[in-house]
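# Architecture at a glance
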Amino acid sequence: SDLGVENFINFSTSSVYGTHNTPLSEDTKFETTTLYGATKLGAEFLTTAFGHAKGDMKTVNIRPFSVYGEGEGLHRFIPSIIYINSASNIQLIVN
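Predicted, not measured: the structure shown is a model, and the values here were computed from it.

Calculation rules
Residues numbered from 1 in each chain as written. Predicted model: local features only at pLDDT ≥ 70, side-chain atom pairs only at ≥ 80, totals over all residues. Heavy atoms only, no water. Helix = DSSP H or I, 4+ residues; strand = E, 2+ residues; numbered from the N terminus. Contact = heavy atoms within 4.5 Å. Pairing = 2+ DSSP bridges. Phe/Tyr/Trp six-rings, centres within 6.5 Å; stacked < 30°, edge-to-face > 60°. Buried < 20%, exposed > 50% of the residue type's maximum accessible area, 1.4 Å probe, protein only. Patch = residues over 30% accessible without salt bridge, like charges linked within 9 Å, V, L, I, M, F, W, Y side chains within 5 Å. Areas by Shrake-Rupley, 256 points an atom, 1.4 Å probe, with all protein chains shown as cover. Salt bridge = Lys/Arg side-chain N within 4 Å of Asp/Glu carboxyl O.

## Notes on the side chain of N10
With respect to the helices and strands, the residue N10 is situated in strand β1 (residues 7-11). Excluding residues that lie within four positions of it along the chain, N10 makes contacts with A43, E44, T47, V60, N61 and I62.

This is how it looks when you write it as structure tokens:
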């Protein structure tokens, strides 16, 4: 492209789907109820539109689930599993 970029990856979030008690797929309807999810969904649409406007730029939106990092709240899935494991005699084996 005229920007010197051929491919662009946008990291979004599973929050664009809202809260569900059932498994999700990429075909699940967007039902975000948070400003965070709404801005991420907006960024997805902008990324796709920009790629189309440039014509030769390939774009992709990635929606990771259960990402873990420093400072993650203990109420989140992965930190709670780590906490439960460290507070018990259960050993988790991850391959």
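## Re the pairing of β1
Note on strand geometry: in a regular strand, side chains alternate between the two faces of the sheet. Across 5 bridges, β1 lies against strand β2 (residues 58-62) in parallel orientation. Bridging across to β2, F11 finds its partner in I62.

## Focus on the packing of aromatic side chains
Under the criterion given, the structure shown has 3 aromatic pairs. Between Y17 and F30, the ring centres sit 5.9 Å apart and the planes meet at 25°, which makes this aromatic pair stacked. Here the residue Y17 occupies a position in the loop between β1 and α1 (35-54), and F30 occupies one in the loop between β1 and α1, the gap between them amounting to 13 residues. Residue classification places Y17 among the buried residues on the basis of a relative accessible area of 2%.

## Thoughts on a nonpolar patch on the surface
Together, L74, F77, I81, Y83 and I84 make up an exposed nonpolar region whose accessible area comes to about 550 Å². Mapped onto the fold, I81 is located in helix α2 (residues 77-86). Assessed through its relative accessible area of 33%, I81 is described here as partly exposed.

## Quick notes on the environment of T48
On the secondary structure map, T48 appears in helix α1. Given a relative accessible area of 30%, T48 falls into the partly exposed group. Not counting chain neighbours up to four residues away, the residues in contact with T48 comprise T59 and N61.

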